[in-house]
Amino acid sequence: MRTLYIEMNYQLIINNLLKMNRHKLFLFILIVFTANLLFAQKNKSNALQDLRVDVVYLASDLLEGRETGTEGEKLAAQYIAFRFEKMGLKPAGSNGTWYQSFDFKYNSNPHATSGGEDRSGKNVLGYLDNGAKTTIVIGAHYDHLGHGGVSSLAANDKSIHNGADDNASGIAALLHIAEYLKTSGKAKNNNYLFMGFSGEELGLVGSKFFVENATIDLSSINYMLNMDMVGRLNAEKVLSINGVGTSPLWKEALDNIKIGDIKMVTTESGVGPSDHTSFYFMDKPVLHFFTGQHTDYHKPGDDSEKINYEGLLDVSNFIITLIENLDAKGKLAFTKTKDESQNRRAADFKVTLGVMPDYVHSGEGMRVDGVLDGRPGAKAGLQKGDIIIQMGEYQVKDIYGYMEGLSKFKVGDKTKVKVKRGSEIIEVDVVF
Ligand SMILES: [Zn+2]
């Protein structure tokens, strides 16, 4: 079984290579060589071997940094789908496929108010159906920075940013957890949706698109776990867990976990610079797992040989234990964290503008990060980069004000929306 899996793995890599630059064959040989060495070491657990193969492949130069919309991103998506399929998950993307594609405008200047190039990316979705009423979303982004660009911290360095920790590590953990939950027969009181997000590095684009266009019933989602950079567990074994304020059950469930001497540091907020934020804004309890910053962050040096694989396995098993601890607890209650106003519920929304908020915009108003075709915002002429400052009589000071304002309207209502576009302030007519 195991040999077969590895052979098929390489068959996939070979198939991809045939379509690509033949000079990359050298790299392929390197990967096979490294992996063969690993597989000869029978004292290593199969789980560690899988984590290594996943990270080494995803963070190899062959995938050129997995930038959203590139060939490398497609190869990564294909690899994740291949792994999902081999472990027996069901496709949960659009039209019975493993993928959910999304189109967006990308502008390398984050302050640009219009223009940009057309890009598309895809989320990868695998489903484990236990016949339960509720579904847990477990996700990690697989895209990275390609050859650098505006988010790179290595100025003007155009070499490949391999993103081993950010976030091949999260995908490897995702695959480990998925395989465990599929084969162990444990924790069957929920279904599981395993998601590889794209577009994260360009502004949480994939996860925002998913929550606005969910391929499962959004109301059935119990909670969401996000792994972003979990490959560098340090000598003190400190694991950061963000979002523990988003449900009253988190702390108790986390306190009982004893895996590999991991020590936790926690923060309350459900809002942070990764994909869990998109789910938090849908009133879902969320956690973000993170092994901490390092000097290779968003630089070409974030490579697979610097990953702490034993630590990555411990973090993965830590998350599995959390899921098991919560298995009999039913649907977790959601609590807002203190960065948010206290009177908004997802259920309050009868309408949507069909725009993607920029959750990390810190200035006044609500900055629009993307506009979905055919929705009220697009029909009114709203554009990416617009900053909404007023909706009808409701002032929009920040994203929470926007959510608040939105909750006052119902389908068919007409209102004027005031936006800042560059240095201008304009008004558009919106019909919900
Ligand atoms: Zn990341």
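Residues numbered from 1 in each chain as written. Predicted model: local features only at pLDDT ≥ 70, side-chain atom pairs only at ≥ 80, totals over all residues. Heavy atoms only, no water.

A. How the structure looks around the nonpolar core. One finds I138, F194, W250, F289, L322 and I323 to be the most contacted residues of the largest nonpolar core, which totals 67 residues. Once you skip the residues sitting within four places of it in the chain, F289 turns out to touch L225, N226, M227, D228, M229, V230, L239, S240, I241, F318, I319 and L322. One finds V211, M391, V396 and L406 within the second-largest nonpolar core, a separate group that totals 38 residues. (Core = buried A, V, L, I, M, F, W, Y, C linked by side-chain atoms within 4.5 Å. Buried < 20%, exposed > 50% of the residue type's maximum accessible area, 1.4 Å probe, protein only. Contact = heavy atoms within 4.5 Å.)

B. Fine view of the environment of S407. You can see S407 is positioned in the loop between helix 11 (399-406) and strand 14 (414-421). Along the chain, S407 and K350 lie 57 residues apart, while their C-alpha atoms are 6.9 Å from each other. Within the local environment of S407, its side chain forms a polar contact with the backbone oxygen of E404, the two atoms lying 2.6 Å apart. (Helix = DSSP H or I, 4+ residues; strand = E, 2+ residues; numbered from the N terminus. Polar contact = N/O pair within 3.5 Å; in protein donor to acceptor, adjacent residues only side chain to side chain.)

C. The pairing of strand 4 (residues 135-141), seen in detail. A large share of strand 4 lies buried, amounting to seven of its seven residues. Here strand 4 shows a buried face lined by T135, V137, G139 and H141 and a second buried face lined by I136, I138 and A140. When strand 4 meets strand 5 (residues 191-197), the two strands line up parallel, connected through seven bridges. Within strand 5, the residue paired with I136 across the bridge is Y192. (Pairing = 2+ DSSP bridges.)

D. View of the coordination of the zinc ion. Donor atoms from the polypeptide that bind the zinc ion are H141 (NE2), D166 (OD), D228 (OD) and D228 (OD), placed at 2.0 to 2.7 Å. Seen from the zinc ion, its four donor atoms lie at angles of 51 to 149°, and the figure they make is irregular. Ordering the donors of the zinc ion by residue number gives the pattern H-x24-D-x61-D. One end of the pair, D166, is in helix 5 (residues 164-184); the other, D228, is in the loop between strand 6 (221-227) and strand 7 (238-242), and 62 residues separate them in sequence. The class of D166 is buried, set by a relative accessible area of 2%. (Donors = N, O, S within 2.8 Å, 3.2 Å for Na, K, Ca; no water. Tetrahedral: all angles 85-135°; square planar, octahedral: opposite > 155°, others 65-115°.)

Structural measurements only, silent on function.
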